[in-house]
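# Descriptive structure summary
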Amino acid sequence: MKTERDFGFETKMVHAGHIPDTQHGARAVPIYQTSSYVFYDADHAAELFDLKQYGHIYSRISNPTVAVFEERMAALEGATGAVATSSGMAAQLAVFMTLFEPGDELVASSHLYGGSITQITHTLKKLGVAITYVDPTDIEAWQRAITPKTRALYAELIGNPRGSILDIETVAALAAHHHIPLIIDNTIATPYLCRPMDFGATITVYSATKFIGGHGNSLGGLVLESGKFDYSGFPAIADPSPKYHNLRFYDTFGHYGFLMKVRVETLRDTGCSLSPMNAFLLLQGVETLSLRLDRHVDNALKIARFLEAHPKVAWVAYAGLPSHPQHELAKKYLPKGAGAVLSFGLKEKPGEDVRQTGKQFIEQLKLFSHLANIGDVRSLVIHPGSTTHQQLTDEELRDCGVGPELIRLSIGIENLEDLLWDLDQAFQTL
Amino acid sequence: MGSGSSFSNSITLNSSLNPQQQAIYQNPEIIQKIIYHSRTIAMVGLSTERQKASYFVATYLRSAGYRIIPVNPRAETILGEKCYPNLASIPDPIDLVDIFRPAKDCLPIVQEAIASKAKAVWLQLKIVNDEAAELARQAGLLTVMDLCVKMEHGRYSGGLHEAGMNTGILSAKRVHRFI
Ligand SMILES: Cc1ncc(COP(=O)(O)O)c(C=O)c1O
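Residues numbered from 1 in each chain as written. Chains lettered and ligands numbered in written order. Predicted model: local features only at pLDDT ≥ 70, side-chain atom pairs only at ≥ 80, totals over all residues. Heavy atoms only, no water.

## Some details on the overall build of chain A
- Counting its regular elements, chain A contains 17 helices and 12 strands.
- Whereas a compact globule of 430 residues would reach a radius of gyration of roughly 22 Å, chain A reaches 22 Å, a difference of no more than 12%.
- Oriented by its inertia axes, the alpha-carbon framework of chain A measures out at about 75 × 55 × 45 Å.
- In chain A, buried positions account for 58% of the 430 residues.
- Carbon and sulfur atoms make up 53% of the accessible area of chain A, which totals about 17000 Å².
- Taking the average place of the 37 positive charges on the side chains of chain A and the average place of its 48 negative ones, the gap between the two points comes to 2 Å. (Helix = DSSP H or I, 4+ residues; strand = E, 2+ residues; numbered from the N terminus. Rg over C-alpha atoms; globule rule 2.2 N^0.38 Å. Buried < 20%, exposed > 50% of the residue type's maximum accessible area, 1.4 Å probe, protein only. Areas by Shrake-Rupley, 256 points an atom, 1.4 Å probe, with all protein chains shown as cover. Lys, Arg positive; Asp, Glu negative; His and termini not counted. Charge placed at Lys NZ, Arg CZ, Asp CG, Glu CD.)

Structure (structure tokens):
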């Protein structure tokens, strides 16, 4: 019997990272609700702290339930490994804190989740890192922004707020040419719709809070790495670390060096680790990832078509539609579907306050939940003009790419006809 | 994750070898045979420096129950074990010769390993010497190249999994407990 087989995605979703344990044979992933782990003896403790042995010490650094979530996601992504974090924001920050030294530069796409823009613009600046934003669809803009101090490129595969698609392969080639990693926030696509490392990305980050967990019940994040990047010319990873007895992470741990540093230094020092209970809940989501996503994207495409044909809709931004400027890239990178987050603009009648119309539309919806999240099994809606961005003038709103007419939907897995009915009845009241 | 009868993906990640070379020199069955059946490991090029990769590997393997014999002409003892200047001067039988030397120095070491009747030869991660590896294999030694013994042991014993890494191992079987 051949003992090797490259198992399929769906098999890995429910098995990877968890072999039933010797002691009890529990089939579900056990929740190891413990802060710390008993050493065999003093030598064992010393070798664990010295990283000369694998094993758990303290749940701020690693935990058996969290490890199942980490290996499972690494298997699904085809990554060399993973580090789970307390949220998606924490995952991004952990990557930045591990890679950057004061004086380094980051080139980032301007089409990012608003919270990421704030984190990069303000919090990263506090660390002494300079930031240049570029239009992610303009490869020459990426090229022009790179300087000798640039240490990484950062983008979302499916960008915010208009669903722009990054040409990963081209931007990854540019990063490789400059010997810097390309970091992709793949939250909206998940590894089921696209695996950015297959196209040259070095690091992916996720808010597992969204489609990975999928049920809107837990925060969590992930850092994954390809294991293919040569960090020997990258001082933050290759040089002796004063935080770990002058250990050279890349020299000692090779393709695990970056992730080891994220775990034993950044997670240890910032405490942004995932709790075992949340790891368990997120794993329940992972086990049905492909089933949910197939349904999410199927509903999303049909709703996008419905909206595009609706007389009260001015425009729809969804890369699954041929009208989207990056539709061809979506076909290449997201053949199963362009995600389940889309935005559209209400048509503005002369003399009408479209911000008010948006508010009215949201209030009329009966099935879509009005809240600030995406990636729930339930359909969600938000109108930035009357909520998250309400302080801004119409001009300021347009500068952020979210005009007063923009409504964002995250499509759930409900009955499609019911969702279409809900949207239609809300339109009729306008 | 524990050892036992598991299915595993081929370990194509993180190697500079081509698929044909990987099939020969990174074969999971050969790796497991070496890990499960070796007792005495001669480590050629083991460093005296506590933060060098070879020192990590030696410390780990010793704690995992193997006997480590350092081969280093410039040291007296490492990890409390007597050092030998070369493989030929080791009086005891050797199961595995684990090589931490630059690729260009590997051929004579493999010749010594064959002469000393070692059962297996392992060229560590990023050390690639086709001629040396082929010589070992032709002489009937179990041969592995461009992988790390510590990482591979961790893959099958569960340690690598605990560190959040992708072991490529997948199984629904419960690992047997010794009662
Ligand atoms: C694309 C994207 N990245 C990152 C985040 C941050 O994730 P979290 O809320 O889990 O910190 C979010 C959502 O909040 C997001 O939508």
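## Topic: the interface of chain B and chain A
- The interface is formed by 44 residues belonging to chain B together with 58 residues belonging to chain A.
- Both sides of the chain B and chain A interface together cover about 4400 Å² of buried area, and 55% of this is carbon and sulfur.
- Here chain B is connected to chain A by one salt bridge.
- A salt bridge links D50 of chain A to R50 of chain B; the shortest N-O distance between them is 2.9 Å.
- Counting the contacts that link chain B with chain A gives 17 residue pairs in polar contact (both at pLDDT 80 or more).
- Looking at the side of chain B that touches chain A, the elements that each hand over two or more residues are β1 (7-8), α2 (28-37), α3 (53-63), α6 (149-157), α7 (159-162) and β9 (169-170) of chain B.
- Its residues placed into classes, the side of chain B that touches chain A shows 17 nonpolar, 17 polar and 10 charged. (Contact = heavy atoms within 4.5 Å. Buried area = accessible area lost by both parts, 1.4 Å probe. Salt bridge = Lys/Arg side-chain N within 4 Å of Asp/Glu carboxyl O. Polar contact = N/O pair within 3.5 Å; in protein donor to acceptor, adjacent residues only side chain to side chain. Nonpolar A, V, L, I, M, F, W, Y, C, P; charged D, E, K, R; others polar.)

## Observations concerning helix α4 (residues 88-99) of chain A
Residues and elements named next belong to chain A.
- Its 12 residues place the ends of α4 17 Å apart at the C-alpha level, agreeing with the 16 Å of an ideal helix rising 1.5 Å per residue.
- In terms of burial, α4 is largely enclosed, as nine of its 12 residues are buried.
- Three or more residues of α4 are buried, namely G88, A90, A91, Q92, A94, V95, F96, T98 and L99.
- By the N-cap criterion, in which a side-chain oxygen at the helix start approaches the backbone nitrogen of a residue two or three places on, α4 is capped by S87, the distance to M89 being 3.4 Å. (Expected span 1.5 Å × (residues − 1).)

## A closer look at the site of the ligand
Residues and elements named next belong to chain A.
- Neighbouring the ligand are 13 residues, the closest being G88, D185, S207, T209 and K210.
- Between the ligand and D185 there is a distance of 2.7 Å, counted from a nitrogen atom to a side-chain nitrogen or oxygen.
- A distance of 2.9 Å is found between an oxygen atom of the ligand and a side-chain nitrogen or oxygen belonging to K210.
- Class assignment for the residues of the shell around the ligand results in three nonpolar, seven polar and three charged. (Near = heavy atom within 4 Å.)

## A word on the packing of aromatic side chains
- One pass over the structure, following the stated rule, counts 17 aromatic pairs over all chains.
- Through a chain of ring-to-ring contacts, the aromatic side chains of F229, Y231, F234, Y250 and F258 of chain A assemble into a single cluster.
- Positioned above the aromatic ring of Y250 of chain A, the side-chain terminus of K126 of chain B is 4.4 Å from the ring centre. (Phe/Tyr/Trp six-rings, centres within 6.5 Å; stacked < 30°, edge-to-face > 60°. Lys NZ or Arg CZ within 6 Å of the ring centre and 35° of its normal.)

## Comments concerning the domain arrangement of chain A
Residue and element names in this part refer to chain A.
- For chain A, the domain assignment lists domain 1 (9-286) and domain 2 (289-428).
- With 34 residues of domain 1 in contact, the opposing surface of domain 2 contributes 37 residues.
- Taken over both partners, the interface formed by domain 1 and domain 2 buries close to 2800 Å², and the fraction arising from carbon and sulfur atoms is 62%.
- Viewed at the interface, domain 2 and domain 1 are joined by one salt bridge. (Domains from an automatic or database assignment.)

## Things to note about the nonpolar core
- If you look at the biggest cluster of nonpolar residues, it comprises 87 residues, and the most contacted ones within it are F69, L334, F344 and L409 of chain A.
- Per-element tally for this core: the top contributor is helix α13 (residues 289-308) of chain A, with seven residues.
- When residues of this core are assigned to domains, at least three fall in each of domain 1 (9-286) and domain 2 (289-428) of chain A.
- Apart from residues no more than four positions distant in its own chain, F69 of chain A is found in contact with A84, A208, I212, G221, L222, L274, A279, L282, L283 and V286 of chain A.
- Counting 76 residues, the second largest nonpolar core, distinct from the first, contains A91 of chain A together with I35, F56 and A120 of chain B. (Core = buried A, V, L, I, M, F, W, Y, C linked by side-chain atoms within 4.5 Å.)

## A short note on the packing of α13 of chain A against helix α17 (residues 416-428) of chain A
All names here are of chain A.
- At their nearest, the axes of α13 and α17 sit 10 Å apart, and the two run at 30 degrees to each other. Considered as vectors, α13 and α17 are oriented roughly parallel to each other. α17 is crossed by α13, and the crossing has right-handed handedness. Across the interface between the two elements, R295, N299, K302, I303, F306 and L307 from α13 touch L416, L419, L420, L423, D424 and F427 from α17.
- Within the contact of α13 with α17, the residues separate by chemical class into eight nonpolar, one polar and three charged. (Axes fitted to C-alpha atoms, helices over the stretch in contact; angles between N-to-C directions. Parallel < 35°, antiparallel > 145°, perpendicular 65-115°, else oblique. Left-handed = near helix turned anticlockwise from the far one by under 90°.)

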